[in-house]
Amino acid sequence: MAPADPAARAVELRSLLRHHDYRYYVLDDPEASDAQYDALKRELVALEEAHPELITPDSPTQRVGAPPAVQFAAVSHRERMFSLDNAMAAEELDAWVARVERALGRPAAGFACEPKIDGLAVSLTYERGRLVVGATRGDGAVGEDITANLRTIGAIPLALLGDDLPEVMEVRGEVYMPLAAFEELNRAQAEAGERLFVNPRNAAAGAVRQKDPAITATRRLSIWVYQIGFQRGGPAFAGHGESLAWLRSAGFPVNPTSRHCNDPTAVRDYVQRAEAARHDFPYQTDGVVVKVDSLAEQRELGFTARSPRWAVAYKFPPEEETTRLLAIAVNVGRTGAVTPYAVLEPVFVGGATITNATLHNQDEVARKDLRVGDTVIIRRAGEVIPEVVGPVPSLRTGAEKVWQMPEECPFCGSPIVRRPGEAVARCTGGFACPSRLREYLAHFAGRGGMDIEGLGYKTIDMLLREGLIADPADLFSLGKDDLISRERWGEVSVGNLLAAIDGARDRPLARVLTALGIPLVGGTVARVLARRFRRLDAVLAASEEELSAIDGIGPEIAGSLRAWAEDPDNRRLVAKLEAAGVRLADPEEEGVDRSRLAGVTLVITGTLAGFSREQARVAVEDRGGKVAGSVSKKTTAVVVGESPGSKAQKAQELGVPLLDEAAFVRLLAEGPAALPAG
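The shown structure was predicted, so the numbers you read here are calculated from the model rather than taken from an experiment.

1. Some remarks on the overall build of the chain
Step number 1: Within the chain one finds 24 helices and 24 strands.
Step number 2: The C-alpha radius of gyration computed for the chain amounts to 29 Å, which stays within 12% of the reference 26 Å derived for 678 residues, consistent with globular compactness.
Step number 3: Of all 678 residues assigned to the chain, the portion counted as buried reaches 49%.
Step number 4: A separation of at least 24 residues holds for 67% of the contacts in the chain among residues at least 6 apart in sequence.
Step number 5: As presented, the chain carries roughly 31,500 Å² of accessible surface, and 51% of it is formed by carbon and sulfur atoms.
Step number 6: Of the charged side chains in the chain, 80 are positive and 94 negative; the average position of the first set lies 2 Å away from that of the second.

In structure tokens form, the structure reads like this:
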């Protein structure tokens, strides 16, 4: 229906879109779903097409994205980074193909198809094969210089492979966060009482725009490269697919599901298969990008003011629906954290009927202003846990009720408390709470922990129901007679479970640390601790100051570790595990002299080809040396990798020796004798 006042509606739509652009691109905190944003954008496009006199130079339809944030330097793109027009249905995709054929006066010679990654578009500029600048798309003409952050992403090559390299080349790609990394990040955020990320796209965008690249490095980001934006020198290409093949050979990650399609029928088939498989990908995808493959035909088709005529983004149907929030209930997790969840009027979304959705913590419920009785937006993408995006306030009747955290645990009756400074409320019942014990046992036996095959929730429930176990250590006391008489437990199933439990006695220390469920100690932190201390008793005996000084730990994790170590129940559990024959120490590495670098203090700056920063630190510490974060007169030497920071200059000013990577390797092998004289 046409608006009564098209000019007023156009002003309103522009204001809304600018607001949502700012929330999305600058704050990384969107208020509207992609589907809602696209609907507003399409309405404005249609309105301006019907009334060209309403088009203004600053209309969101005439530009891409948002201006760069002020904390980053501006970068001008050598070629404009355009956004793509969207096709929301098969008929719109067919209409785009028809427009291409009319503009060319013939059918296109072929098409390139690839998944549309829901991430952050970036440009990577290489000079003579070396990465010199990485930038966000920004407004298409000017982006933000995020080179230091992008260099932390292992999938981005710092130097290209091959001989015939362009003098200058700008490559476009999409930085994304794998779904597994996103779920792990939000679990850690919820456990720490921190704000949760809405989706992997926002988590990735927030990570690459951190002021501190060290934070970016912890976020497990990756990239798919999809286009050469500018090139001077180097090989010539006839088609887009040919350029992607060269990019792959030069060391760039190119999506392996990208395909050349000879005709529109093949394009439609690719789109249908991609939509059917969208939840099989380990990353979030919201559509398919279709491009005319011939670069000559791309040049012939050219651009509109905001998008290329030779490409289109086919968008999958949104995976959001609305339903009624019937109630808010709570679960108790392995650390005692009390987590609210939504009880929903059943709704079909994302390929499944949803009746429950996570709400994460008490503050999240308040931040979203969720009330029992609300009409709420539900999002689900594949196997990702369904979540409540937010309420629809305009549909409130006044009968909705504000939710309060219960005062007592519904599973054990113990008080629920929220300690000062924590966002997470906790059950105080300890392992007397059946819900907490159940979740703790599942975590302990899970793949990231002791990896006990066959010990899932059903088996755990049976063991608890029959009174066979009261804590994780009791698992290692189970015998054949405890299980063989149980329903559906025969010789084979009992033998398999007992063999899996017995095998878990010899897990690496990092697995044991993860399995213990110490708050804030996930797999990455556990590996750092295991490499540093090698024995569980040494970890638990370390002071808060000693722990805080370890790279990647910090005071918050150190405090959590000390609090866990000082709990008598936890110490009894560790003692029971040791008595049950669980190995609580890693064997010493053979051939490593633990005192070779005694008295040596190094500072590491820049990127090393053969070591991550943590690997280099561990190599030094394993040999009795220390790695400091800043250069002083007491520094023995500074190890300088590619693109070093100001620490190298500080070392020169203080007369501290500089070591390249080869000299660092010799130092590890030979000790201080390998240092430069003097």
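Having seen the model, we can carry on.
2. Quick word on the packing of aromatic side chains
Step number 1: In the structure shown here, the tally under the stated rule is 13 aromatic pairs.
Step number 2: When the centroid spacing of 5.3 Å and the interplanar angle of 70° are considered together, the rings of F611 and F664 count as edge-to-face. In this pair, F611 sits in the loop between β21 (601–605) and α22 (613–622) while F664 sits in helix α24 (residues 661–670), placing the two residues 53 residues apart along the sequence.
Step number 3: By relative accessible area, F664 is classed as buried at 0%.
Step number 4: Chaining the aromatic ring pairs together yields one cluster made of Y176, W224, F281 and Y283.
Step number 5: Lying over the aromatic face of F431, R436 brings its terminal NZ or CZ to 4.7 Å of the ring centre.
Step number 6: Over the aromatic face of F533 sits the side chain of R532, whose NZ or CZ is 5.0 Å from the ring centroid.

3. Considerations on the nonpolar core
If you look at soluble globular proteins, the nonpolar side chains tend to sit buried side by side.
Step number 1: I452, L475, F476 and L529 are the most contacted members of the largest nonpolar core, which has 57 residues in total.
Step number 2: Not counting the four nearest positions on each side in its chain, I452 is found in contact with A445, L475, L497, A500, I501 and A504.

4. Here we look at the environment of C412
Step number 1: As for its placement among the helices and strands, C412 is situated in the loop between β18 (401–402) and β19 (416–417).
Step number 2: When the C-alpha positions of C412 and A89 are compared, they lie 52 Å apart, and in sequence the two are 323 residues distant.
Step number 3: When neighbours within four sequence positions are excluded, C412 is seen to be in contact with C427, G429, A432, C433 and P434.

5. Some points on unusual backbone geometry
Step number 1: Backbone geometry places H360, a non-glycine residue, at a positive phi of 75°.
Step number 2: Within the secondary structure, H360 is located in the loop between β14 (352–358) and α11 (362–368).
Step number 3: When its relative accessible area of 18% is taken as the criterion, H360 is described as buried.
Step number 4: At L520, a position not held by glycine, the phi torsion is positive, near 75°.
Step number 5: Relative to the helices and strands, L520 resides in the loop between α16 (509–515) and α17 (523–533).

6. Considering the sheet that holds strand β8 (residues 222–232)
Step number 1: Spatial ordering of the open sheet is given by β5-β4-β7-β8, a layout of 4 strands whose pairing is antiparallel. On the outer flanks of this sheet lie β5 (130–136) and β8, each paired with one strand and no other. Between one strand axis and the next, the sheet turns by 25° as a mean value, whatever way the strands run.
Step number 2: Where strand β7 (residues 168–176) lies against β8, 9 bridges are found, and the strand directions are antiparallel. Among the inter-strand pairings, E174 is bridged to a residue of β8, identified as W224.

7. So, the sheet that holds strand β23 (residues 637–640)
Step number 1: Strand order in the open sheet formed by 4 strands is β22-β21-β23-β24, and the pairing between neighbours is parallel. Bordering the open sheet on either side are β22 (626–628) and β24 (658–659), each of which pairs with just one other strand.
Step number 2: Pairing analysis gives 2 bridges linking β23 to β24, with the strands arranged parallel. For V638, the partnering residue across the bridge sits in β24 and is L658.

8. As for the packing of helix α3 (residues 90–104) against helix α9 (residues 264–276)
Step number 1: Where α3 contacts α9, the two axes come as close as 11 Å, and the packing angle between them is 150°. Taken together, the axes of α3 and α9 are roughly antiparallel relative to one another. For the crossing formed where α3 meets α9, the hand is right-handed. Here L93, D94, V97 and E101 of α3 come into contact with α9, specifically with P264, V267, R268 and V271.
Step number 2: Looking at the contact of α3 with α9, its residues break down into 5 nonpolar, no polar and 3 charged.

9. Concerning the confidence of the model for the chain
When pLDDT drops low, the exact placement of atoms in the prediction is not to be read closely.
Step number 1: Overall, the prediction assigns the chain a mean pLDDT of 87, with 94% of residues at 70 or greater.
Step number 2: pLDDT under 50 marks residues 63–70. Its contacts with residues more than four places away, or in other chains, come to 28 contacts.

10. A word on the pattern of salt bridges
Step number 1: The full count for this structure, using the stated rule, is 35 salt bridges.
Step number 2: Salt-bridge contacts for R106 lead to E297; the nearest nitrogen and oxygen are separated by 3.6 Å. With R106 in the loop between α3 and β3 (111–117) and E297 in helix α10 (residues 295–301), this residue pair connects regions lying 191 residues apart in the sequence.
Step number 3: In the salt-bridge network here, residues are joined through shared partners; they are D369, R371, D374 and R396.

11. Brief notes about the side chain of T605
Step number 1: Its location among the elements puts T605 in strand β21.
Step number 2: If near-sequence neighbours (up to four positions away) are discounted, T605 is found in contact with R613, V638, V639, V640, G641, P644, G645, K647 and A648.

12. Overview of the side chain of S435
Step number 1: Here S435 lies in helix α12 (residues 434–445).
Step number 2: According to the relative accessible area criterion, S435 is buried, its value standing at 12%.
Step number 3: Contacts of S435, omitting those with residues within four sequence positions, involve V332 and F411.

13. Comments concerning the state of the cysteines
Step number 1: Taken as a whole, this structure holds 0 disulfides when the rule is applied.
Step number 2: Considering cysteine sulfurs only, C113 is the nearest to C261, which forms no disulfide, with 3.7 Å between them.
Step number 3: Unpaired in terms of disulfides, C427 finds its nearest cysteine sulfur in C412, a separation of 3.6 Å.

14. A word on helix α13 (residues 457–465)
Structurally, the α-helix is built with 3.6 residues per turn, so residues lying three or four positions apart point the same way.
Step number 1: Of all the positions in α13, only T459, I460, M462 and L463 are classed as buried. End-on, the buried residues of α13 take up no more than an arc of 160°, which puts them together on one face. Within α13, the exposed residues directed more than 90 degrees away from the buried face are K458 and R465.
Step number 2: In this structure, the buried side of α13 is in contact with α12, α14 (480–483) and α15 (491–503).
Step number 3: G467, located one to two residues past α13, shows a positive phi value of around 70°.

The rules we used
Residues numbered from 1 in each chain as written. Predicted model: local features only at pLDDT ≥ 70, side-chain atom pairs only at ≥ 80, totals over all residues. Heavy atoms only, no water. Helix = DSSP H or I, 4+ residues; strand = E, 2+ residues; numbered from the N terminus. Rg over C-alpha atoms; globule rule 2.2 N^0.38 Å. Buried < 20%, exposed > 50% of the residue type's maximum accessible area, 1.4 Å probe, protein only. Contact = heavy atoms within 4.5 Å. Areas by Shrake-Rupley, 256 points an atom, 1.4 Å probe, with all protein chains shown as cover. Lys, Arg positive; Asp, Glu negative; His and termini not counted. Charge placed at Lys NZ, Arg CZ, Asp CG, Glu CD. Phe/Tyr/Trp six-rings, centres within 6.5 Å; stacked < 30°, edge-to-face > 60°. Lys NZ or Arg CZ within 6 Å of the ring centre and 35° of its normal. Core = buried A, V, L, I, M, F, W, Y, C linked by side-chain atoms within 4.5 Å. Pairing = 2+ DSSP bridges. Axes fitted to C-alpha atoms, helices over the stretch in contact; angles between N-to-C directions. Parallel < 35°, antiparallel > 145°, perpendicular 65-115°, else oblique. Left-handed = near helix turned anticlockwise from the far one by under 90°. Nonpolar A, V, L, I, M, F, W, Y, C, P; charged D, E, K, R; others polar. pLDDT = per-residue confidence, 0-100. Salt bridge = Lys/Arg side-chain N within 4 Å of Asp/Glu carboxyl O. Disulfide = S-S within 2.5 Å. Arc of directions from axis to C-beta.

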